[in-house]
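Spelled out from the first residue to the last, the chains are:
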Amino acid sequence: MRFSLLLRRGFEFGEREVAHWFPGHMARGLKQMKAKLKSIDCIVEVHDARIPFSGRNPIFEESLGIKPHLLILNKMDLADLTQEKRILTKLKQQGIGNVIFTDCARDKNIKQVVPAITKLIGSSQRFQRAENAETCIMVIGVPNVGKSSLINALRRLHLRKGKASRVGGEPGITRAVLTRIQVSESPLLYLFDTPGVLSPRIESVETGMKLALCGTILDHLVGEDIMANYLLYTLNQQQQYR
Ligand SMILES: Nc1nc2c(ncn2[C@@H]2O[C@H](COP(=O)(O)OP(=O)(O)OP(=O)(O)O)[C@@H](O)[C@H]2O)c(=O)[nH]1
């Protein structure tokens, strides 16, 4: 019998409840972000390039969506970029036209970020603030996608300075109230790092599983066994048997 015929056709998630995967401190984080919004010129949303269509927080769009918006798909070094064109086309259809892929360990694509922000703000009528030379950005995203790493990479590139924002392998490293961090001298650019905020209504258990596998939800909240099982199922579906 062919090996592929033995593989599962679907994945049984059982009676899982995703609501409790949203820790309470995230609601507080979102409230603080909304309060800061008046002084922000542009929102930079960081997401994991491995799941470009899953798990972005719709609440960001509802509550923060009025400002110019740049989507950074980070961890491109871990993603399958043969699909890059298709990803960009699909995001454009969803109204997301400003997208940059990055790997925080390399400067190549990080270099595109500040010019893209400057261009976005420059072309946004509402935010032409001639009297104010400094620009303020808010970096948002679900936990552990690399928001702090991006800020540190921008500082390394533009200011030749070290880490200003704590980085960690577990979700939920950045919990502090928003701190203002300089990332560029010319143009004068400041960023607010924010705590990662998951959607309180993750659209499905499958989306939750993808978020967990990319490290945005703590493993034990979801269950290590089912995560491993779903990963195996997905790899088999994609015929990645190695
Ligand atoms: N492979 C790879 N790993 C990355 C990249 N950027 C960040 N990481 C790693 O991803 C993990 C999370 O990075 P952080 O910068 O702390 O993420 P964050 O979004 O600020 O996390 P929270 O504070 O939990 O919201 C760390 O282990 C980083 O080293 C990248 O471009 N590629």
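Owing to the predicted nature of the structure, the values given are computational and were not obtained by experimental measurement. (Residues numbered from 1 in each chain as written. Predicted model: local features only at pLDDT ≥ 70, side-chain atom pairs only at ≥ 80, totals over all residues. Heavy atoms only, no water.)

> Can you tell me about the environment of asparagine 152, naming the residues and giving the values?
Among the structural elements, asparagine 152 can be located in helix 6 (residues 147-159). As for asparagine 152 and alanine 105, which are separated by 47 residues in sequence, their C-alpha atoms are 10.0 Å apart. (Helix = DSSP H or I, 4+ residues; strand = E, 2+ residues; numbered from the N terminus.)

> Describe the sheet that holds strand 3 (residues 99-101), and please don't skip the residues or the numbers.
Taken in spatial order, the 6 strands of this open sheet run 3-2-1-4-6-5, and their pairing is mixed. The two strands at the open ends of the sheet, each matched to only one other strand, are strand 3 and strand 5 (179-184). On average, each strand axis in the sheet is inclined to that of its neighbour by 30°, with strand direction left out of account. Of the strand pairs in this sheet, strand 4 (residues 135-140) and strand 6 (residues 189-193) are connected by 4 bridges, and their pairing is parallel. Bridge pairing in strand 6 places methionine 138 opposite phenylalanine 192. Where helix 3 (residues 84-93) meets the sheet, its contacts fall on strand 2 (69-74) and strand 3, and the angle it forms with strand 3 comes to roughly 155°. Of the strands in this sheet, strand 1 (42-48), strand 2, strand 3, strand 4 and strand 6 touch helix 5 (residues 113-122), which is tilted by about 160° from strand 2. (Pairing = 2+ DSSP bridges. Axes fitted to C-alpha atoms, helices over the stretch in contact; angles between N-to-C directions. Contact = heavy atoms within 4.5 Å.)

> Run through the pairing of strand 1, naming residues and quoting values.
In terms of burial, strand 1 is largely enclosed, as 7 of its 7 residues are buried. Burial along strand 1 is two-sided: the residues Cys42, Val44, Val46 and Asp48 and Ile43, Glu45 and His47 are all buried. Across 4 bridges, the pairing between strand 1 and strand 4 is parallel. Of the residues in strand 4, the one forming a bridge with isoleucine 43 is methionine 138. (Buried < 20%, exposed > 50% of the residue type's maximum accessible area, 1.4 Å probe, protein only.)

> Could you give an account of the environment of leucine 198, naming the residues involved and the relevant values?
Tracing the backbone through its elements, the reader meets leucine 198 in the loop between strand 6 and helix 7 (205-213). When its relative accessible area of 1% is taken as the criterion, leucine 198 is described as buried. Spatially, the C-alpha atom of leucine 198 lies 9.6 Å from that of phenylalanine 60, the residues being 138 residues apart in sequence.

> Go over the UniProt feature "binding site: GTP" (unreviewed entry) in the protein chain, please, and point to the residues and values.
UniProt records the feature "binding site: GTP" (unreviewed entry) at Asn74, Lys75, Met76, Asp77, Asn144, Val145, Gly146, Lys147, Ser148, Ser149 and Gly196, using the numbering of this structure. Positionally, valine 145 belongs in the loop between strand 4 and helix 6. Note on valine 145: relative accessible area 0%, which makes it buried. Assignment of secondary structure puts glycine 196 in the loop between strand 6 and helix 7. The exposure class assigned to glycine 196 is buried, which follows from its relative accessible area of 10%. (UniProt positions renumbered as here; feature names shortened; annotations may be inferred.)

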